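# Commentary on secondary and tertiary structure
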Amino acid sequence: MVAVTTEAGDVPRPFALGRAIGQWLDREAVFSWLMMALPLIFLFALVGYPFVYGIFLSLENRPVAQPGVFVGLRNFIEDARDPVFWQVAGNTFIYTAVATVLKMVGGLALALVLNQHFRMKNLVRAALLLPFIVPTVLSTVAWMWMLDPAFSVLNWLLVHTGIADPGPSWLGNPVLAMASIIVINVWRGLPFYGITLLAGLQTVPVELHEAAAIDGAGSWMRFWYVTLPLLKPVILIVTVFSVIFTFADFQLVYVLTRGGPANATHLFATYAFDIAMGGGQLGRGASVALAMLPVLGLLIIALTNYTRGRE
């Protein structure tokens, strides 16, 4: 059997076709799109479709197990007239702002400590990850027992030290309930901050600290003028991610307080779930959930502009 050749007469056509395909795949643009194809399909299937469907639901009056009726922006108008919605918005912003600041300050301090040389450093770093890797529901149930009015270890300590008798109702008081979920969120988020900022500290050149020390700069001056400026991009990125995760938090709050007492700990995610699943109003629930979108969108735009500015 004679192989079919190209016009040049010396290269078989199958080999020429394979070489052409190989050259096409070697192009940077083609290779980049092939590498992004699977993640893009994954994002569209698990993020894009639910997001678009959520927008569609928010424009309908859609009770559970009934066909929807298009109502336009009526759900958003009802949200704006709902006093509980504005209480939920305030709760979400307070929860996110306070928890993010505490995690940022505590995580930076933790990273600075872990960046030092001491015995059993690797074991301490591994133990630091425990709050982050333990399932949220499991750790929240443990905190629920710790904050229980009858079995709380915190109340036991307060009573036996004479500080309070009886101990406070941590999850029954609006202020204490909000403080409790903030503390638990900070406890769970500190490892994310600490490990990420520790990785950023590893990239700071030691020569810069040595040069600053030769010039007479103390520990505080070296941190403020050498470490912190070089660490700012990492701090910004980890803070934006933390704000997104905290702003859309659901598991911790829903398992611990279910939004109570008297809606004092309801966040956008938990309130939307209660309206949609508990109240059976899928359209209203979707509109409340979409109220998070403008804030998160502004954060992403701010991060993109900051990154482009540095480039």
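Computed from a prediction, not measured in an experiment: that's the story for all the values here.

Okay, the overall build of the protein chain next. Looking only at helices and strands, the protein chain has 15 helices and two strands in total. Within the protein chain, buried positions represent 33% of all 311 residues. Taking all contacts inside the protein chain whose residues are at least 6 apart in sequence as the whole, residues at least 24 apart take part in 64%. Put simply, the protein chain shows about 19,200 Å² of open surface, and 72% of that area lies on carbon and sulfur atoms.

In a regular helix each residue adds 1.5 Å, so 29 residues correspond to 42 Å; helix α9 (residues 174–202) covers 42 Å between its end C-alpha atoms and thus fits that length. The largest bend in α9 amounts to roughly 40 degrees and is located at Gly189, with the proline Pro191 lying one to four residues further along. The N-cap of α9, judged by a side-chain oxygen 3.0 Å from the amide nitrogen of Val175 a few residues on, is Asn173.

What follows covers the environment of Phe56. Residue placement: Phe56 occurs in helix α2 (residues 28–58). Placed 231 residues apart in sequence, Phe56 and Ser287 show a C-alpha to C-alpha distance of 9.7 Å.

As a further point, take the packing of helix α4 (residues 83–114) against helix α11 (residues 219–247). At a closest axis distance of 10 Å, the pairing of α4 and α11 adopts a crossing angle of 140 degrees. Relative to α11, α4 is oriented oblique. Crossing of α4 against α11: the hand is right-handed. Between α4 and α11, the contacting residues are Thr92, Phe93, Tyr95, Thr96, Ala99, Thr100, Lys103, Met104, Leu108 and Leu112 on the first element and Phe223, Leu228, Leu231, Ile235, Thr239, Ser242, Val243, Thr246 and Phe247 on the second. Among the residues making up the contact of α4 with α11, the classes are represented as 12 nonpolar, six polar and one charged.

On to the packing of aromatic side chains, then. Tallied over the full model, the rule gives 16 aromatic pairs. Consider the rings of Phe241 and Phe245, whose centres lie 6.3 Å apart with planes at 40 degrees: the pair is tilted. Of this pair, Phe241 and Phe245 both sit in helix α11, separated by four residues, roughly a single helical turn. On the basis of an interplanar angle of 15 degrees and a centroid distance of 5.1 Å, the ring pair of Phe250 and Tyr254 is categorised as stacked.

The subject of this paragraph is the environment of Met104. One can find Met104 in helix α4. A relative accessible area of 28% places Met104 in the partly exposed class. Along the primary structure Met104 and Ser242 are separated by 138 residues, whereas in three dimensions their C-alpha atoms are 9.1 Å apart. Every residue in contact with Met104, bar those within four places of it in the chain, is listed here: Tyr193, Ile235 and Thr239.

Moving on to the confidence of the model for the protein chain. Per-residue pLDDT for the protein chain averages 83, and the proportion of residues at 70 or more is 88%. When the criterion is pLDDT under 50, residues 1–9 qualifies, and its contacts beyond four places in sequence or with other chains add up to nine contacts.

Here we take up a nonpolar patch on the surface. Among the surface-exposed residues, Trp33, Met36, Leu40, Phe42, Leu43, Leu46 and Val47 lie close enough to one another that they form a single nonpolar patch of about 730 Å² accessible area. Secondary-structure assignment places Leu40 in helix α2.

A few words now on helix α7 (residues 136–146). Among all positions of α7, only Thr136, Ser139, Thr140 and Trp143 are buried. Projection of α7 onto a plane perpendicular to its axis shows the buried side chains occupying an angular sector of 100 degrees, all on one side. Projecting away from the buried face of α7 at angles above 90 degrees are the exposed residues Leu138 and Trp145. Turning to α7, the residues buried within the fold contact α9 and α12 (251–256).

With an omega of -5 degrees, the peptide bond running from Gly260 to Pro261 counts as cis. Here Pro261 is to be found in the loop between α12 and α13 (268–278). Unusually for a residue other than glycine, Asn263 sits at a positive phi of about 65 degrees. Looking at the element boundaries, Asn263 is found in the loop between α12 and α13.

Parameters at a glance
Residues numbered from 1 in each chain as written. Predicted model: local features only at pLDDT ≥ 70, side-chain atom pairs only at ≥ 80, totals over all residues. Heavy atoms only, no water. Helix = DSSP H or I, 4+ residues; strand = E, 2+ residues; numbered from the N terminus. Buried < 20%, exposed > 50% of the residue type's maximum accessible area, 1.4 Å probe, protein only. Contact = heavy atoms within 4.5 Å. Areas by Shrake-Rupley, 256 points an atom, 1.4 Å probe, with all protein chains shown as cover. Expected span 1.5 Å × (residues − 1). Bend = angle between axes of the 7 residues up to and from the residue. Polar contact = N/O pair within 3.5 Å; in protein donor to acceptor, adjacent residues only side chain to side chain. Axes fitted to C-alpha atoms, helices over the stretch in contact; angles between N-to-C directions. Parallel < 35°, antiparallel > 145°, perpendicular 65-115°, else oblique. Left-handed = near helix turned anticlockwise from the far one by under 90°. Nonpolar A, V, L, I, M, F, W, Y, C, P; charged D, E, K, R; others polar. Phe/Tyr/Trp six-rings, centres within 6.5 Å; stacked < 30°, edge-to-face > 60°. pLDDT = per-residue confidence, 0-100. Patch = residues over 30% accessible without salt bridge, like charges linked within 9 Å, V, L, I, M, F, W, Y side chains within 5 Å. Salt bridge = Lys/Arg side-chain N within 4 Å of Asp/Glu carboxyl O. Arc of directions from axis to C-beta.

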